[in-house]
Amino acid sequence: RKATAALGVLLRGGPGLVRAMRPAEVRSLITLFLANRELVLSGCASLRDFAAAAVAHGLPIAVPAEGAELVATLEVSGGPHRLVLRGERGADGMLPTLRIINPQPLIIVHDGEVVLENLQLQQMSPRHGVDAEALHVAGLGAAVTCRRVLLHSHSDCGVCVTAGRLQMTDCAIQDCGGTGLILFGGKAQLRRTAVERNGRCGVYARNSCLEFLGGNHIADNGHSGIFFAADTKGLWMKGNRLRHNGQPAVRLLEHCALDGWEQHNKRRRPPQAMSQGANMSINVNMNLNMCMPRRGDIPGLGATTIAQS
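Residues numbered from 1 in each chain as written. Predicted model: local features only at pLDDT ≥ 70, side-chain atom pairs only at ≥ 80, totals over all residues. Heavy atoms only, no water.

Asker: Any chance you could explain the overall build of the chain here in plain terms?
Answerer: Along the backbone of the chain there are five helices and 24 strands. Across the 309 residues in the chain, those meeting the buried criterion constitute 47%. In the chain, the share of contacts with a sequence separation of at least 24, taken over all contacts with a separation of at least 6, comes to 52%. Of the roughly 15,400 Å² of accessible surface on the chain, a fraction of 52% belongs to carbon and sulfur atoms. (Helix = DSSP H or I, 4+ residues; strand = E, 2+ residues; numbered from the N terminus. Buried < 20%, exposed > 50% of the residue type's maximum accessible area, 1.4 Å probe, protein only. Contact = heavy atoms within 4.5 Å. Areas by Shrake-Rupley, 256 points an atom, 1.4 Å probe, with all protein chains shown as cover.)

Structure below.
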């Protein structure tokens, strides 16, 4: 009876909430009652408050079809439970949108496990030259899983990984002002994910590991579809597609490797390209800054001429 009364006060948000929740037995019973339920995001509290409650008690957060606009970055720093942020499709089938206009990241994960499902994440700031990603995986203990998530940043990269792990399945990083996906460390795995129509590279990675596990589509990006630098290692499995990107489509600098790409490229290469005549001259402009929207200057490499005679 006490638990029922306290739950009624909790749902009404009445002034007697603190007094009603004081007995440990009541708190325990309410926790059990809510164990298989979820928190529904509404305008009565910030997403940061919802996330703190979700991580503390293991309740998923449901984002309603109308979505929400954030005024500040959602920062996740771990806790006893993982954070699950799940969207509920509207009657039109559209995914709900979490949006931020201020020039700062939408979500930063410093530590802990985070699952994002059925969402659109949009960073809409028009300001260039600032760190304003839709998603930033930023800590060694961070593990982020995205399923059916559409990510967009108007003036910066869509997703940035500086440490930790990222898994993306059935997702899309589209129409970003900078590079679609950037890795400055950590590991990322992509499966059935589209990286399309981004202003710079599709994917840029340095000192990291990136695996394309099949069904991915990297297309129509302003510069190279894939750019590896500084000892980056990767895996390219069957079923991935790379088309209509800037040239070269795949750029691998010294000490970098994309296992599986060479075999894929040889199968697609036309026979005449294997036996072109003498005196062929190829001009390659390898400027690292082409795909780097920010985070420090990297000295460019001058134009190199490779001649065959």
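Asker: Sorry, what's going on with the packing of aromatic side chains here?
Answerer: The geometry of an aromatic ring pair is captured by the separation of the ring centres together with the interplanar angle, meaning the angle of the planes. By the definition in use, this model includes four aromatic pairs. Geometrically, the ring pair formed by Phe212 and Trp236 is tilted, given 5.2 Å between the ring centres and 55° between the ring planes. Taken together, the positions of Phe212 in strand 16 (residues 209–212) and Trp236 in strand 19 (residues 233–236) put the pair 24 residues apart, joining distant regions of the chain. Exposure remark for Phe212: the relative accessible area of 0% places this residue in the buried category. Seen in terms of ring centroids, Trp236 and Trp261 are 5.5 Å apart; in terms of plane orientation they differ by 85°. Their pairing is edge-to-face. (Phe/Tyr/Trp six-rings, centres within 6.5 Å; stacked < 30°, edge-to-face > 60°.)

Asker: Please clarify how the side chain of Asn216 should be interpreted in this entry.
Answerer: Summarising the element assignment, Asn216 is placed in the loop between strand 16 and strand 17 (217–219). A relative accessible area of 2% means that Asn216 is categorised as buried.

Asker: Hey, could you run me through the pairing of strand 5 (residues 83–87) in this one?
Answerer: Each regular strand carries side chains that alternate between the two faces of the sheet. Burial of strand 5 is extensive: four of the five residues sit out of reach of the surface. By the bridge criterion, three bridges tie strand 2 (residues 61–63) to strand 5 in an arrangement that is parallel. Residue pairing for strand 5: Ala62 is matched across the bridge by Arg86. As defined by bridge partners, strand 5 adjoins strand 7 (residues 107–123) across four bridges and the pair is classed as parallel. Each bridged residue has a counterpart across the sheet, and for Leu85 the counterpart in strand 7 is Leu116. (Pairing = 2+ DSSP bridges.)

Asker: For this particular structure, what's the right way to read the nonpolar core?
Answerer: Core analysis: the largest hydrophobic core is formed by 57 residues, its most contacted members being Ile61, Leu116, Leu121, Leu135, Leu166 and Phe212. Ranked by the residues each element gives to this core, the list is headed by strand 8 (residues 135–153), at seven residues. Discounting residues that sit within four places of it in the chain, Phe212 has contacts with Leu190, Val203, Ile218, Ile226, Phe228, Leu235, Trp236, Met237, Asn240 and Leu258. Ranked by size, the runner-up nonpolar core spans nine residues in total, among them Cys157, Cys160, Cys201 and Leu253. (Core = buried A, V, L, I, M, F, W, Y, C linked by side-chain atoms within 4.5 Å.)

Asker: Teacher, can you tell me more about the environment of Asp175 here?
Answerer: Checked against the element boundaries, Asp175 lands in the loop between strand 11 (172–174) and strand 12 (181–183). Between the alpha carbons of Asp175 and Glu196 there is a distance of 6.7 Å; along the sequence they are 21 residues apart. Leaving out residues up to four positions away in the same chain, Asp175 has contacts with His152, Ser153, Glu196, Arg197 and Asn198.

Asker: Looking at this model, I keep getting lost on the pairing of strand 4 (residues 74–77). Mind explaining?
Answerer: Residues Leu74 and Val76 of strand 4 are buried on one face, while the alternating residues Glu75 and Ser77, pointing to the opposite face, are not. Bridge count for strand 4 against strand 7 is four bridges, and the pairing is parallel. Paired with Ser77 across the two strands is Asp111, which belongs to strand 7.

Asker: Quick question: what am I supposed to make of the pattern of salt bridges here?
Answerer: Oppositely charged side chains can pair when the atoms bearing their charge come close. Across all of its chains, the model carries seven salt bridges by this definition. One salt bridge connects Arg197 with Glu196, and the closest N-O pair in it is separated by 3.6 Å. We classify Arg197 as partly exposed; its relative accessible area is 40%. For Glu196, a relative accessible area of 11% gives the class buried. Via salt bridges that share partners, Asp175, Glu196 and Arg197 belong to a single interconnected network. (Salt bridge = Lys/Arg side-chain N within 4 Å of Asp/Glu carboxyl O.)

Asker: Would you take a moment to explain unusual backbone geometry for this structure?
Answerer: Note: most residues except glycine have negative phi, and most peptide bonds are trans. Between Gln247 and the following residue, Pro248, the backbone shows a cis peptide bond with an omega angle of -10°. You can see Pro248 is positioned in strand 21 (residues 246–252). The residue Asp170 is not glycine, and still its phi comes out positive at about 55°. Along the chain, Asp170 falls in the loop between strand 10 (165–169) and strand 11. Take Asp170: its relative accessible area is 31%, and that puts it in the partly exposed class. Even without a glycine there, the phi angle at Arg197 is positive, about 55°.

In short, the description is geometric, and any link to function would need to be established separately.
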